[in-house]
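These are the residues of each chain, in order.
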Amino acid sequence: GFFFTPAGFLVDVPFDPYMPWCFMGEEIMLSMRAWTHGWDIYAPRKNWIAHQYRPGRMGLPKFWGSVGRLFGRPGPGFSNQLQKRLIKRVKHLVGYNDCCSREKLIEDGDELVLMDVEHYGFGDVRSREEYLAWANIDVDKKRCNNIKWCNNGDLL
């Protein structure tokens, strides 16, 4: 994914320092936080930008390997442990109560996931529920459904 916005965006929606090296979940968190703070989201009708994951046999480093290298713990295990915590933060904010309600996280000893969640959570212009309906995401059924306005280029 990609996004562009005026710098003032970061005043309303600062990057969440409790989600470093987030690889899975950053798009939904950033879009939900932006949208609930009143920022509109648009999708181009054409793909204008992409990224390429270079094959491992070329010996080029991957994003997910940089975490272990930085902390002197190479290999996938360290990054995976960090990602599990980050994903719990994402799921808590998105509303996956079966695994990541406040009560469940505290019960499991994962209250660290909730650190400053009020500050780096959602805005008060639009609600989480309104975003989920707009993006056609069903948290209870764990499904992302077809988004007519995005796929067909329809304006709301």
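Residues numbered from 1 in each chain as written. Predicted model: local features only at pLDDT ≥ 70, side-chain atom pairs only at ≥ 80, totals over all residues. Heavy atoms only, no water.

(A) Just the packing of aromatic side chains, in detail. By the definition in use, this model includes 5 aromatic pairs. With a centroid separation of 5.9 Å and 70° between ring planes, the pair formed by Trp35 and Tyr131 is classed as edge-to-face. Of the two residues, Trp35 is situated in helix H2 (residues 26–36) and Tyr131 in helix H7 (residues 128–134); the sequence distance between them amounts to 96 residues. Overall, Trp35 belongs to the buried group, its relative accessible area being 7%. For Tyr131, a relative accessible area of 6% puts it in the buried group. Relative to Trp134, the ring of Trp35 lies with its centre 5.2 Å away and its plane at 20°, an arrangement referred to as stacked. Taken as a pair, Trp35 in helix H2 and Trp134 in helix H7 lie far apart in primary sequence, 99 residues in all. The same class applies to Trp35 and to Trp134, which are both buried. Grouping aromatic residues by their ring pairs yields a cluster made of Trp35, Tyr131 and Trp134. Above the plane of the ring of Tyr96 lies Lys91, whose end atom (NZ or CZ) is 6.0 Å from the centre. One Lys or Arg, Arg126, reaches over the ring of Trp35 and ends 4.1 Å from the middle of that ring. (Phe/Tyr/Trp six-rings, centres within 6.5 Å; stacked < 30°, edge-to-face > 60°. Helix = DSSP H or I, 4+ residues; strand = E, 2+ residues; numbered from the N terminus. Buried < 20%, exposed > 50% of the residue type's maximum accessible area, 1.4 Å probe, protein only. Lys NZ or Arg CZ within 6 Å of the ring centre and 35° of its normal.)

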